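Observations on the three-dimensional arrangement
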Amino acid sequence: MTKRPGRIIRLWQGVGPHLLPFANATSERLPMSRLLRLSLFQISCGMAAVLLVGTLNRVMIVELHVPAWLVASMVALPLVFAPARALIGFKSDTYKSVLGWKRVPYLWLGTVIQFGGLAMMPFALLVLSGDTWAEPWAGQLAAAIAFLMTGFGMHMVQTVGLALATDLTPRDQQPNVVAMLSAMQLVGMVLSALVFGALLADFSQLRLIQVVQGAAALTLVLNLVAAWQQEVRDPSRTARTGEPEPTFLEAFRALRKSGPWNRRLLGAGIGTAGFTMQDVLLEPYGGQILGLSVGATTALSALLAGGAVIGFLRAAQRLGQGADSHQVAGHGALVGIAGFTVIIFSGAFGSGAVFAGGVALIGFGAGLFGHATLTACMRAAPADQVGLALGVWGAVQATAAGCAIALGGVLRDVMSSLATSGALGEGLALAATGYVSIYLIEIALLFVTLAVVGPLVRNRGASRPQQAAGLAGPAHV
């Protein structure tokens, strides 16, 4: 007689896929244990992201008294390499390694570069703050190199890691796997923000050095474990056959001809800019306008990432039920508009709780938007160009985010200077004016995003009767 499972086991077996949106991301080739180990590279990238756009920008602006425009420029420096994500993904597709690896060499090279940038970063920031005998240009140059190395390493690790995951996954499960890995980066951001906030509650320069260099060492460990025995060595696969390979430009032109990629990528770029322009300003806003401590403002990064994780899960649920990707992206933009509106009112009320609610809404909207645009690109890509599509999406997103971050810092300084000088009138002569102006710009960008992605939703619905009647699909935009 077969023993009946216990009540708890029966309840767990009855949990539906709608409550476990990534349960169907596994396969025989990539079981959950292996997938979770592979996702550790996203944890390390999330940790570095929190340092760059969260903890360190607050420390530089408030504790080290570095001008916000300079901080924003440093954080945005990695955008120089953001367009290279598409090229990195393409090169790792066609790399001819003697050992038979395509992805692992690029993954480990990116890890080493990221480690080097984090290892030198705390010392570069101390020189940048002027707390040494060195000339100002020395600190600016050292910090620029550290940020460039860290950002470039992150771009390479993420692009190649996601491409490796698609190699190990059947095509019909690739969007779920990549979405899960993206969500794991947000999980890494949440955990890292909580840990960094606790460690830097009693701030000191020595503690800053210990925290950042500890993150550098942990990056090596996490990425080594993530890549261990993931890619099978197959020298015959990477042997030089003498047959001409398509160039990057040829492959990219072929991708653009397969659908309305211009509009799809434009919407992803504008929406990303709308969500990220305030990335280096949220924590200074909490510290300068609402009087929050370093630990409290660093915890906001965890709240932002936590909201994004929930947004990813909600988007996965809706997309799994057959919802249109661009429609979900539009809903994410609407949630972001509501979040920025709440943050503007939090300054008027002087309420940290209202501010936290707005931050959570922004994170949730960004999660919906990011997952939806990523899935839209992967679903629209031809079968032999999924990796390239992933790299192009990442390049557009990273470039838009970097430009928006830099522009946000500059505009904040300009508007704050005009406001405090009285040039905007007595009613706007407030410290919060510079921040609020950025939030209003982001609301406008998200409305533009809605206008850009809207036709993609209509085209999807209109294309079905056309295809049934044997007509051509919608024109490329």
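You'll find the structure just up there.
In what follows, the accompanying structure is described. (Residues numbered from 1 in each chain as written. Predicted model: local features only at pLDDT ≥ 70, side-chain atom pairs only at ≥ 80, totals over all residues. Heavy atoms only, no water.)

Looking only at helices and strands, the protein features 17 helices and 0 strands. By the burial criterion, 53% of the 477 residues in the protein qualify as buried. The long-range fraction of contacts in the protein, counting pairs at least 24 apart against all pairs at least 6 apart in sequence, stands at 83%. As displayed, the protein has an accessible area near 20,400 Å², and 66% of this comes from carbon and sulfur atoms. (Helix = DSSP H or I, 4+ residues; strand = E, 2+ residues; numbered from the N terminus. Buried < 20%, exposed > 50% of the residue type's maximum accessible area, 1.4 Å probe, protein only. Contact = heavy atoms within 4.5 Å. Areas by Shrake-Rupley, 256 points an atom, 1.4 Å probe, with all protein chains shown as cover.)

For the rest of this paragraph, the subject is the packing of helix H11 (residues 261–276) against helix H14 (residues 325–349). Angle between the axes and distance between the axes: these two values describe a pair of packed helices. The N-to-C vectors of H11 and H14 enclose an angle of 20°; their axes lie 11 Å apart at closest approach. With respect to their mutual orientation, H11 and H14 come out roughly parallel. Remark: the crossing between H11 and H14 carries left-handed chirality. Contacts between H11 and H14 involve Arg264, Gly274 and Phe275 on the former and, on the latter, His326, Gly332, Ala333, Gly336 and Phe340. Residue classes in the contact of H11 with H14 are distributed as 3 nonpolar, 4 polar and 1 charged. (Axes fitted to C-alpha atoms, helices over the stretch in contact; angles between N-to-C directions. Parallel < 35°, antiparallel > 145°, perpendicular 65-115°, else oblique. Left-handed = near helix turned anticlockwise from the far one by under 90°. Nonpolar A, V, L, I, M, F, W, Y, C, P; charged D, E, K, R; others polar.)

Ranked by size, the top nonpolar core spans 75 residues in total, and within it Leu56, Met60, Met121, Leu125, Phe147 and Ile343 carry the most contacts. With 11 residues, the top contributor of residues to this core is helix H3 (residues 40–63). In contact with Phe147, not counting residues within four places along its chain, are Leu52, Met60, Met74, Val75, Pro78, Met121 and Leu125. Formed by 39 residues, the second largest nonpolar core is a distinct cluster that contains Phe90, Phe152, Leu162 and Val392. (Core = buried A, V, L, I, M, F, W, Y, C linked by side-chain atoms within 4.5 Å.)

A few words on the environment of Met121. The topology assignment puts Met121 in helix H6 (residues 104–128). For Met121, a relative accessible area of 0% translates into the label buried. C-alpha of Met121 to C-alpha of Ala142: the two residues are 21 residues apart in sequence and 7.9 Å apart in space. If near-sequence neighbours (up to four positions away) are discounted, Met121 is found in contact with Leu52, Leu56, Ala146, Phe147, Thr150 and Val212.

On the surface, a nonpolar cluster with roughly 390 Å² of combined accessible area is contributed by Trp69, Val410, Val414, Leu418 and Leu424. Here the nonpolar patch takes 3 residues from helix H16 (residues 386–420), the largest share from any one element. Of note, Leu424 is situated in the loop between H16 and helix H17 (433–468). Assessed through its relative accessible area of 33%, Leu424 is described here as partly exposed. (Patch = residues over 30% accessible without salt bridge, like charges linked within 9 Å, V, L, I, M, F, W, Y side chains within 5 Å. Salt bridge = Lys/Arg side-chain N within 4 Å of Asp/Glu carboxyl O.)

With their axes 9 Å apart at the nearest point, helix H15 (residues 352–380) and H16 run at an angle of 145° to one another. Pair H15 / H16 crosses with right-handed handedness. Contact with H15, carried on its side by Gly370, Thr373, Leu374, Cys377 and Met378, involves Val386, Ala389, Leu390 and Trp393 of H16 and no other residues of that element. A class-by-class count of the residues in the contact of H15 with H16 yields 7 nonpolar, 2 polar and no charged.

Enumeration over the complete set of coordinates arrives at 2 aromatic pairs. Ring centres 5.8 Å apart and planes at 45° place the aromatic pair Phe275 and Phe369 in the tilted group. With a gap of 94 residues between them, Phe275 in helix H11 and Phe369 in helix H15 connect regions that are remote in the sequence. For the pair shown, Phe275 and Phe369 are each scored as buried. Sitting over the ring of Trp261, Arg264 keeps its end group 4.8 Å from the ring centre. (Phe/Tyr/Trp six-rings, centres within 6.5 Å; stacked < 30°, edge-to-face > 60°. Lys NZ or Arg CZ within 6 Å of the ring centre and 35° of its normal.)

With that settled, the discussion passes to H14. Quick reminder: α-helices carry 3.6 residues per turn. Residues three or four places apart thus point the same way. Between its first and last C-alpha atoms H14 spans 36 Å; for 25 residues at 1.5 Å apiece the expected length is 36 Å, and the two agree. Where H14 begins, the capping side chain belongs to Asp324, and its oxygen is found 3.0 Å from the backbone nitrogen of His326. (Expected span 1.5 Å × (residues − 1). Polar contact = N/O pair within 3.5 Å; in protein donor to acceptor, adjacent residues only side chain to side chain.)

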